[in-house]
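# Close look at the chain arrangement
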Amino acid sequence: MSAVDIIATAARSMGYRDEAVVRNYTFADVLDPADPTRTVLLAAFTQTPPSYRSAALAAVLGGTGDTLELVKAHRALGAPLLFVIEGDLVSLWQVRGDAPPRVLERLSASNLPALFERHQDTWRPDAIHRAKSIGAIDRSYQLDFVDIGLLPAVEGEIHLKLDRLLIDTLTAASEAQEGKKPETRLLFRVVFRLLAAKVLQDRRHPYAQGWDAADLSSVLRAIESYYSLPSVPIGGRQTVPAAFSAAWECLRHGISFANISSDDLAFVYENTFVTPEARKHFGTHSTPRQLAEYAVNRLELHRYKPEDLKVYEPFTGAGTFLVSALRHVRDLLPINWSDQQRHDFLVGSLAGDEIDPFACEVATLSLILADYPNQNGWHIAETDLFEKGVLQDRMRGQNVILCNPPFEAFAANERARYPIANQSYSKPVAVLAAALDARPLALAFVLPRPFILDRQFAEQRRKIETLYGNVELVELPDRIFGASVVESALLIAREPRPPAPAIIALRSTEVSDRDRVAFLRTGKTTTERQIVRAVGESPSGELWIPPLQTIWDYLAASPRLSRHFTIHRGIEWKSAQDAAWSTQRHAGYRRGLHTARGARQFLSAHPVWLDCRPERLLYKAIGLPWEQPKLIVNAGRLSRGPWRIAAALDNRGLLCSQQFFGLWPSEALSCTQLLTFAAILNGPVANAFLSVHSPAKGMRISAVAQIPLPSVLPYYAGELVAEYVRLLMEPTALNQNEERLEALLTQIDAAVLGAYDLSARLERQLLDHFRGVERPVVHPWQHWDAYDPTPGLTLSERASGRFQAYGSWIQSVFRPLPNEEAKLLRTYRA
C-alpha cells in the first residue's frame, strides 16, 4: 500500500467522511501573486463542501527541490498539517501563516498508521475543525499544531482577489455594452447566477455537466432551475446582451473557486456588487463583513447547543449578519451530518425581515451562495417591522438577535402611523428596547455612538446590566460604513445573568481611526479594557470603561477648571454663520474670530469683522465681557485623535463665534497665570480627558469645566509659554527655531505633567495615548519619546537633564545574584 493510500485509510478510520477525503485536489494559490493552480495528492476535510476553512491535512510529492519552499507553496490550501512523501520516507509539517513551516515528524511510510493512532484525539475532524473555527476566540479549543494565523492570512488574500475579480467583471460588463447600460437590478441578478455557475463548475458539481459553458443562456437557465429562481429576461442565445457575455467570460477564466469558502463569496458578492449607487437608489443598507464577523465571534455561540439557537436579524439589509451567523452555527453542527441535513437545520434556525424588496433579494441570494451546494430554501420576509406589534411578535421566540437598525429618528408622519414611535423618537432606541423585552440569550447591535454614554440610552444600558453577565461595547471610528459616515458603536451582550452572584464582566474596545482599514480587513482592534464589577440593587448602566481610567481615578479629587473660570460659547446668528463676517469693517460689526478650522495651540486665529447687529443675533452671548482678558478654545474637535483642543490667550478684546468657547477667570489673573492655564489646556491631560469625556465631534462646556487641574499650579510653565509664543512671533521662527520651539514645548508639557505628580507608570499610559498622532501646533512635533526615550523616568525627570542614561545602565544597576546566593534563594522558595 502506498503512503497516500495509508494516509487516506487512516483519515477515514479517524472519522473523515469518504466524500471529505479527496484525491488530486486542485486549488488556487491565492498567496502567490500569479494565482497559480496547485494540486495535492490527497486532501482531507473536516466537512463538505471542501474549502480552506475545512482543510485538515494533505499529502504532496516531494524530492524535487527545497522541501521548506514546497510546504510554503501549499499554505493557501488552508490545511494545518502537510505530509511530504519522498519514496518510502515521509515528513510531516506544520503549515503556518507568517512563520516558516515547522517539521513535526520524519518517519517511514510503514509507521504512518502508528502516527495516526498516536494523534487520534487531536487529528479527528471535529477537533481540527473547532481549533480552526473557534480556537482564536476560545483557547480551550486550540491545538498546538494549528496556527491561528493561517486562516486569516488565506482569508484576507481571498477577499482581496475575489473583490478584484468581481470589480473586473463589472468593468467588463460596462465596457462591453454599447449604448444604454444594463439596469442595475438586472445586472445584479445575472451576476449572481454567473457566480453560482462558476462555483458549481469549479467544484466539478455533476449539475455543471448539464450546460454548455459557451452558451450563456444555457448556463443561466440551468442555475435558475437548480436554485428554483425566476428567469431573468435576457433572450435566447443570439440575443444575450454583450455586457452579460463579457461578465461571464471574465468570471469563468478568473481565479478558481474550488477551495474558496462559500460564505467568503457571499460576503464579497454583497460588498462589491451592491455599489454605493445601488444602495442609495434602492435604500439598501449593509453591515461591513468584519464588523459582523467580530460581533458573532464575540457572542461565542459555541457555548450553546446548536438546537437551542434561533438567530434573527431584523432590518436584515443585505444579510451580512445572517451570512456570518450561518457559518458560525454550521461550524457547530455534527461533522457526520450531510450537506442536506445541515441545510435543513440552518434554514430552520436563521431568519430575517426587511422592508426593502431589493435588500430582501440581496440577502436571500447571499445566503444561497453561502449555503453551497444546497438548493434554495431561504426566504427573507418583506415586512414593515414598525407596524403595530410586528417587531415584538417577530422577536418573540428568537434567542440570538443581530441587528443594524435604521439610525434616524421617526419622522412626524411615522410617529402618527407607528405606535412604537410613542416609546421613543429614536428608531435605534425603540428597536433595542423591543429586543431587550424579548430577553434573548445573546444580542449584537450596531448603534449610534452616543449609546456608550448619552442619557437618551440610559434606560437601555441599565436594563442590559440587569439582564446580562457579559457586555462588550466597541467604539467605532468615523467612516466604518462604506455608504455612511454616521458615528457608531457595537453592543455585544451575552450570558443571561442569574440573580446571584450580582456581578458583570465588562469589556470596552476601541478601533482608532488609524486602525479603521485594518479592522475592516482583518477585524483587528486598537485596544481593549476589561473589568469585573458588582451590580448594585439599582444598576447604574455604566457599561463603558473609559480609556486611562486609572489616571482619572487618581485625579478624582483634583480641583477642576470650573473653580477658576466661567465658560461660555461664542455668539450665534439667526442665519448662516458663513454670511455673518467680513474682511472689511461695517456698521454694527466688531473684531473677532469666526472659524476654529485650523486652530493651533497657543496662537489665536487671524481676526475678522463679525456681524453684531442685534437683529441678526441669537441668544445673549454678545453681552459677555469680551473686552476682558480671557482664554479662547475651540468648541469642536480638532481631530479624530486625542488632540482635541487648542487654547490661546486673548488680551485684545476679541469676540468669538459659536465655534469657540470663551474662558473668563473668576478672579483677576496675571498674563503669566493665564498662560499657565493655556499650557494646562494644551497639555496631554486636558486633551486626553476631553477625548474620553466629550462627544466625538463636539465638546460640551460641562466636560471642559471638569478638566482636572494640578493641586499646585505650575506658574513657571506660563513663563515658558511666554518665551514659546515670543519665539513663534519672530518672522523667521519656523525656518530657524523649529528645534528650539519643539524643545520649549516639551519643557512646557514636562512642567505641567510634573505638577500633576503622576507616577511613571500612569504617565507612560497617558503619553502612549498620543503615540502616532499629529499635534495641532504650527511647527513639526514628535512624540515625547523622540525627545528622550529613557524608560522608567517621567517627562519632567527626562527634561530636567538630571538623569543621564549611558550604555547598558540597567545591567549595571541590576546585577545578577552570585551563584551561591541564588542557590540559597531557590532552596528557600522550594
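In what follows, the structure referred to is the one given above.
Structure report, in brief. The structure presented is a predicted model; accordingly, all values stated were derived computationally and were not measured. (Residues numbered from 1 in each chain as written. Predicted model: local features only at pLDDT ≥ 70, side-chain atom pairs only at ≥ 80, totals over all residues. Heavy atoms only, no water.)

### Topic: the pairing of strand β4 (residues 81-86)
Along β4, 5 of the 6 residues are buried, which leaves the element largely enclosed by surrounding structure. Bridge analysis of strand β3 (residues 55-61) against β4 gives 5 bridges, and the strand direction is parallel. By the bridge assignment, L61 is partnered in β4 with I85. Remark: the β3/helix α2 (residues 67-72)/β4 crossover connection has right-handed handedness. As paired strands, β4 and strand β5 (residues 89-94) are joined by 6 bridges and run antiparallel to one another. (Buried < 20%, exposed > 50% of the residue type's maximum accessible area, 1.4 Å probe, protein only. Helix = DSSP H or I, 4+ residues; strand = E, 2+ residues; numbered from the N terminus. Pairing = 2+ DSSP bridges. Right-handed = clockwise from strand over helix to strand, strands pointing away.)

### Thoughts on the packing of helix α21 (residues 671-681) against helix α24 (residues 716-729)
At their nearest, the axes of α21 and α24 sit 7 Å apart, and the two run at 90° to each other. Looking at the two axes, α21 sits roughly perpendicular to α24. On α24, the residues that touch T672, L675, T676 and A679 of α21 are A717, G718, E719, V721 and A722. (Axes fitted to C-alpha atoms, helices over the stretch in contact; angles between N-to-C directions. Parallel < 35°, antiparallel > 145°, perpendicular 65-115°, else oblique. Contact = heavy atoms within 4.5 Å.)

### Examining the pattern of salt bridges
Overall, the coordinates contain 55 salt bridges when judged by the stated rule. Between R53 and D264 there is a salt bridge; the shortest N-O distance is 3.1 Å. Of this pair, R53 sits in the loop between β2 (37-45) and β3 while D264 is found in helix α9 (residues 262-273), placing the two residues 211 residues apart along the sequence. Like D264, R53 is buried. Between R327 and D331 there is a salt bridge, and its shortest N-O distance comes to 3.8 Å. Comparing R327 with D331, the two get one shared label, buried. A cluster of three or more residues bridged by salt bridges with shared partners is formed by R53, E155, D263, D264, R289, E293, R327, R330 and D331. (Salt bridge = Lys/Arg side-chain N within 4 Å of Asp/Glu carboxyl O.)

### Structural notes on the environment of V471
Here V471 lies in strand β12 (residues 468-475). When the C-alpha positions of V471 and V190 are compared, they lie 42 Å apart, and in sequence the two are 281 residues distant. Apart from residues no more than four positions distant in its own chain, V471 is found in contact with I464, L491, I492, A493, I504, A505, L506, R507 and L543.

### Side note on the side chain of K630
With respect to the helices and strands, the residue K630 is situated in strand β22 (residues 630-634). For K630, a relative accessible area of 0% puts it in the buried group. Within the structure, K630 has its side chain in polar contact with the backbone oxygen of W626 (distance 2.6 Å). (Polar contact = N/O pair within 3.5 Å; in protein donor to acceptor, adjacent residues only side chain to side chain.)

### Digging into the nonpolar core
In summary, soluble globular proteins display a tendency toward joint burial of nonpolar side chains. Ranked by internal contacts, the top residues of the largest apolar core, which has 114 residues, are L195, W211, F257, L402 and L490. Per-element tally for this core: the top contributor is helix α6 (residues 184-202), with 12 residues. If sequence neighbours within four positions are ignored, L490 has contacts with L291, Y294, A295, F445, V446, E472, L473, V474 and L476. L548, A686, L709 and L767 belong to the second largest nonpolar core, which has 61 residues in total. (Core = buried A, V, L, I, M, F, W, Y, C linked by side-chain atoms within 4.5 Å.)

### Here's the deal with the layout of surface pockets
A water-sized probe, rolled over the atoms, reveals where empty space remains. Approximately 1000 Å³ is the volume found for the second largest pocket. Along its surface, the second largest pocket is lined by 42 residues, and E475, E510, P547, S691 and H769 are the ones closest to its centre. Among the secondary structure elements, those contributing two or more residues to the lining of the second largest pocket are β15 (527-534), α20 (549-554), α22 (684-693) and α27 (760-768). Classifying every residue of the lining of the second largest pocket gives 16 nonpolar, 11 polar and 15 charged. (1 Å grid on protein atoms, 1.4 Å probe; cavity = no way out; pocket = protein on both sides within 12 Å on 5 of 7 lines; lining within 4 Å. Points joined across faces, edges and corners; volume = space filled by probe spheres on them. Nonpolar A, V, L, I, M, F, W, Y, C, P; charged D, E, K, R; others polar.)

### Digging into the sheet that holds strand β18 (residues 581-582)
Taken in spatial order, the 4 strands line up as β18-β20-β19-β24 in an open sheet, and their pairing is mixed. Looking at the sheet topology across the chains shown, the edges are occupied by β18 and β24 (655-656). Where strand β19 (residues 589-593) lies against strand β20 (residues 608-611), 4 bridges are found, and the strand directions are antiparallel. Within β20, the position partnered with R591 by the bridge is W609.

### Looking at unusual backbone geometry
With an omega of 0°, the peptide bond between T48 and P49 qualifies as cis. Cis geometry marks the peptide bond from Y372 to P373, where omega comes out at 5°. One can find P373 in the loop between α14 (357-370) and β9 (381-382). Located in the positive-phi region is E495, a residue other than glycine, with phi close to 60°. Within the secondary structure layout, E495 lies in strand β13 (residues 488-496). Its relative accessible area of 32% is what places E495 among the partly exposed residues.

### Things to note about the state of the cysteines
What makes a disulfide is a covalent bond joining the sulfur atoms belonging to two cysteines. Within the structure shown, the criterion is met by 0 disulfides. Here C360 is not cross-linked by a disulfide; its sulfur's nearest cysteine counterpart is in C403, at 14 Å. Classification of C360 as buried rests on a relative accessible area of 7%. Unpaired in this structure, C612 has its nearest cysteine sulfur neighbour in C656, at a distance of 11 Å. (Disulfide = S-S within 2.5 Å.)

### Quick word on the packing of aromatic side chains
Enumeration according to the criterion identifies 24 aromatic pairs in this entry. Their ring planes at 65° and their centres at 5.8 Å tell us that W337 and F345 sit as a pair that is edge-to-face. Classification of W337 as partly exposed rests on a relative accessible area of 23%. You can call F345 buried: its relative accessible area is 17%. Summarising the aromatic geometry, the rings of F770 and W784 are spaced 5.8 Å apart at their centres and angled 85° between planes, so their arrangement reads as edge-to-face. Taken as a pair, F770 in the loop between α27 and α28 (784-787) and W784 in helix α28 lie far apart in primary sequence, 14 residues in all. Each member of the pair, F770 as well as W784, is classed as buried. Linked through ring pairs, F192, Y207, Y226 and Y227 together constitute an aromatic cluster. Positioned above the aromatic ring of F257 is the side chain of K198, whose terminal nitrogen or guanidinium carbon lies 4.9 Å from the ring centre. The side chain of R529 reaches across the aromatic face of W544, ending 5.2 Å from its centre. (Phe/Tyr/Trp six-rings, centres within 6.5 Å; stacked < 30°, edge-to-face > 60°. Lys NZ or Arg CZ within 6 Å of the ring centre and 35° of its normal.)

### Focus on empty space enclosed by the protein
Summed over all chains, the structure comprises 6 cavities of 30 Å³ or more. Put simply, the largest cavity is a space of about 170 Å³. Forming the walls of the largest cavity are 19 residues, and the residues nearest its centre are Q47, S51, R53, S261 and R330. Of all the secondary-structure elements, those providing two or more residues to the lining of the largest cavity are α4 (125-133), α9 and α12 (320-330). It is α4 that contributes the most residues to the lining of the largest cavity, 3 residues altogether. Residues that form the lining of the largest cavity fall into these classes: 4 nonpolar, 8 polar and 7 charged.

### Comments concerning the packing of α6 against helix α8 (residues 242-252)
Across the interface, α6 lies against α8 with an axial gap of 10 Å and an inter-helix angle of 30°. Between α6 and α8, the angle falls in the class roughly parallel. Both α6 and α8 take part in a crossing whose hand is right-handed. Each of L186, L187, V190, L194, L195, A197, K198 and Q201 in α6 lies in contact with α8, whose residues at this interface are F244, A247, W248, L251 and R252. Looking at the contact of α6 with α8 residue by residue, the classes come out as 10 nonpolar, 1 polar and 2 charged. (Left-handed = near helix turned anticlockwise from the far one by under 90°.)

### Details of the side chain of Q398
Take Q398: it is sitting in the loop between α15 (390-395) and β10 (400-403). Overall, Q398 belongs to the buried group, its relative accessible area being 14%. When sequence neighbours within four positions are dropped, the list of residues in contact with Q398 reads K310, V311, Y312 and P440.

Remember, this is a structural readout, not a statement about activity or role.
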